[in-house]
Amino acid sequence: ATRDIPEIRQATETKTYALPSNKTRKIQSTDLLLNSFLNQQPYEIVVGKTGSLDEAGYCLATSIDRGPHGVLVVALNSETHFSRFDDVKALAYWAFSRWQWEDELARAR
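Rules used in this analysis
- Residues numbered from 1 in each chain as written.
- Predicted model: local features only at pLDDT ≥ 70, side-chain atom pairs only at ≥ 80, totals over all residues.
- Heavy atoms only, no water.
- Patch = residues over 30% accessible without salt bridge, like charges linked within 9 Å, V, L, I, M, F, W, Y side chains within 5 Å.
- Areas by Shrake-Rupley, 256 points an atom, 1.4 Å probe, with all protein chains shown as cover.
- Salt bridge = Lys/Arg side-chain N within 4 Å of Asp/Glu carboxyl O.
- Buried < 20%, exposed > 50% of the residue type's maximum accessible area, 1.4 Å probe, protein only.
- Pairing = 2+ DSSP bridges.
- Helix = DSSP H or I, 4+ residues; strand = E, 2+ residues; numbered from the N terminus.
- Axes fitted to C-alpha atoms, helices over the stretch in contact; angles between N-to-C directions.

Peer 1: Just give me the short version of a nonpolar patch on the surface, but keep the residues and values in it.
Peer 2: A cluster of nonpolar side chains, Tyr-17, Leu-19 and Ile-27, forms an exposed patch at the surface whose accessible area comes to about 270 Å². What makes Tyr-17 partly exposed here is its relative accessible area of 45%.

Peer 1: Let's hear about the sheet that holds strand β3 (residues 43–53): which residues, and what values?
Peer 2: Strand order in the open sheet formed by three strands is β3-β4-β5, with antiparallel pairing between adjacent strands. Every other strand in the sheet has two partners, leaving β3 and β5 (69–78) as the edge strands with one partner each. Averaged over all neighbouring strand pairs, the angle between strand axes comes to 10°, with direction disregarded. Two strands pair when backbone bridges link them, and strand β4 (residues 57–66) and β5 are joined in this way by eight bridges, in the antiparallel orientation. From the neighbouring strand, Asp-65 faces β5, where its bridge partner is Gly-70.

Take a look at the structure:
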């Protein structure tokens, strides 16, 4: 699983990175979910990938955990760079608020 590969995990959680060189250069993450509720307890972003094409619009695929459970959320053909992150937040919130996993149902009985 991706969460078990520390290099991938570290890269996706990094908000800024300073490139070693004669002149310090910083690279800022464009992942707008890193500072959202989806990356604060009890949620955790595991990995995400953005992309865009004229034919596909702005897209984002991400894996989000809440405790022992996780969801994969994919937004395709969002209107803007920013709206794809809002689309994923809305879909993830909906999934976590509506779905009950079997172990949660068993505990409730």
